[in-house]
Amino acid sequence: MAGRQEKDESLSYKQEFLRFCQTTTIRGVSRIVNSRNKGIRSLWLTFVICLYIGLFTCMILLASQYFDYDVIHPPRVLRDTPSPFPSLTLCNLRPLSPPGMKRIRQLQFRDPRDFAKNLNEFAAGLYFYRNRSHDYELVSSAISMGGYLESLPKGSSYSLGHLQNETVIQCMVLYLEGSSRIIEPCEKVGRWRHFFHALYLNCHSFDIDPSISRRVLTIELFSYLNERHDEVECHDCFASEIKSQLSGAVVVVHTASTYPDVNQEGINLQPGTLTEIKIKAIENIQKEPPYGRCTRDTPTEIPGHDNMSYAYSEYGCRMYTIQVG
């Protein structure tokens, strides 16, 4: 009697389980039980197992991300709080200066326009007229001021561009000394540094002395931006680089002593105009592990090709990696 009772009890458990599978709202389970075709039943069973595996995988991933404790604080705007005054970078839109053009003629170099024209004709004869238009497009798209500068003898590029004493007519810094306002030439309260740009050639950055950078109020800069552009003789123009056909400058206001991102953060200035740039300091705060990925092992300086180090920045790190590589 006891064995028969256990058998009836086990059958009732099986019936209850089948009834649950037939009436449950879990998609696919009722199909497995009610399907009369063994192949279809196996197919539904495979689908349900795969979906459950995916479900538990997502749950594990979400749980692991939750327990990483990554917390990113929103930017906090510093108001009425002393902060280092940013650096200023200036690049002339016309990469070659008038003395530089004279030097090109003296050295019997081809000017950028002749260089581009000759290279384009060479590429056309090598690829285009041989029905290799795709290769021709690749070569012709690489014709740029950067390619021209690379073709010049090493060490000759700097003298062709706008030098710092030719570009900057006057630069003055206004800063606080106690309750007094003091105006000094930029050379006395900071330093100028030079770097090459693939399009603008010579660019000049001004970094304020860290000892007074938190007390600086304004920088006044008077710059020489070339004579009126002669549309007939455009020796350093490239069709693909429209800015090279204009007169003016590109100015970048960036974090103090960092490498400037001229291409993305540059502001175009026209000759004969007064431009005012106002700034506000924004501080981004991130927590260290286990609450975030911020680390104190990040380098504070990046070596520069001008034998002067820059303060660490993501863009500067990328540029340094490209130069070293």
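- As recorded by an unreviewed UniProt entry, the protein chain carries the name FMRFamide-activated amiloride-sensitive sodium channel and is attributed to Echinococcus granulosus.
- If you open the UniProt record of the protein chain and go to Sequence similarities (unreviewed entry), you find "Belongs to the amiloride-sensitive sodium channel (TC 1.A.6) family."
- Per UniProt, the comment on the protein chain under Subcellular location (unreviewed entry) is "Membrane".

### Let's talk about the sheet that holds strand β3 (residues 168-177)
In step 1: The strand order across the open sheet built from three strands is β4-β3-β7, with neighbouring strands paired in antiparallel fashion. Because the sheet does not close on itself, it has two edges, and the strands there are β4 (180-185) and β7 (216-223). Each neighbouring strand pair of the sheet contributes to a mean axis angle of 15°, computed without reference to strand direction.
In step 2: Relative to β7, β3 runs antiparallel, the two being bridged by seven bridges. Counted as the bridge partner of Q170 is F222 from β7.

### Let's talk about the sheet that holds strand β6 (residues 201-208)
In step 1: Here we have five strands laid out as an open sheet, ordered β5-β6-β2-β8-β9, and antiparallel in their pairing. The sheet is open, and its two borders are formed by β5 (190-197) and β9 (267-269), each paired with just one other strand. Sheet twist, expressed as the average angle between the axes of neighbouring strands with direction ignored, equals 25°.
In step 2: Two elements, strand β2 (residues 87-92) and strand β8 (residues 249-254), share six bridges in a ladder whose sense is antiparallel. When the bridges of β8 are listed, N92 appears paired with A249.

### Quick word on the nonpolar core
In step 1: Y148, Y200 and V262 are the most contacted members of the largest nonpolar core, which totals 21 residues.
In step 2: At the level of elements, α4 (98-106), α7 (145-151), β6 and β8 are the ones that each hand at least two residues to this core.
In step 3: Core analysis: the second largest hydrophobic core is formed by 12 residues, V168, V173, Y175 and C186 among them.

### Focus: the state of the cysteines
In step 1: Scanning the model with the defined rule gives two disulfides in all.
In step 2: A sulfur-sulfur distance of 2.0 Å marks the disulfide that ties C91 to C203. One quick way to see it: the torsion about the S-S bond of C91 and C203 is about 120°, and its sign makes the bridge right-handed. Residue C91 is located in strand β2, and its partner C203 is located in strand β6; the two are separated by 112 residues in the primary sequence. Judged on exposure class, the residue C91 and its partner C203 are both buried.
In step 3: Covalently, C171 is tied to C186 through a disulfide, its sulfur atoms 1.8 Å apart. The sign of the S-S torsion, about -65°, decides the handedness of the disulfide formed by C171 and C186: left-handed.

About the cut-offs
- Residues numbered from 1 in each chain as written.
- Predicted model: local features only at pLDDT ≥ 70, side-chain atom pairs only at ≥ 80, totals over all residues.
- Heavy atoms only, no water.
- UniProt positions renumbered as here; feature names shortened; annotations may be inferred.
- Pairing = 2+ DSSP bridges.
- Helix = DSSP H or I, 4+ residues; strand = E, 2+ residues; numbered from the N terminus.
- Axes fitted to C-alpha atoms, helices over the stretch in contact; angles between N-to-C directions.
- Core = buried A, V, L, I, M, F, W, Y, C linked by side-chain atoms within 4.5 Å.
- Buried < 20%, exposed > 50% of the residue type's maximum accessible area, 1.4 Å probe, protein only.
- Disulfide = S-S within 2.5 Å.

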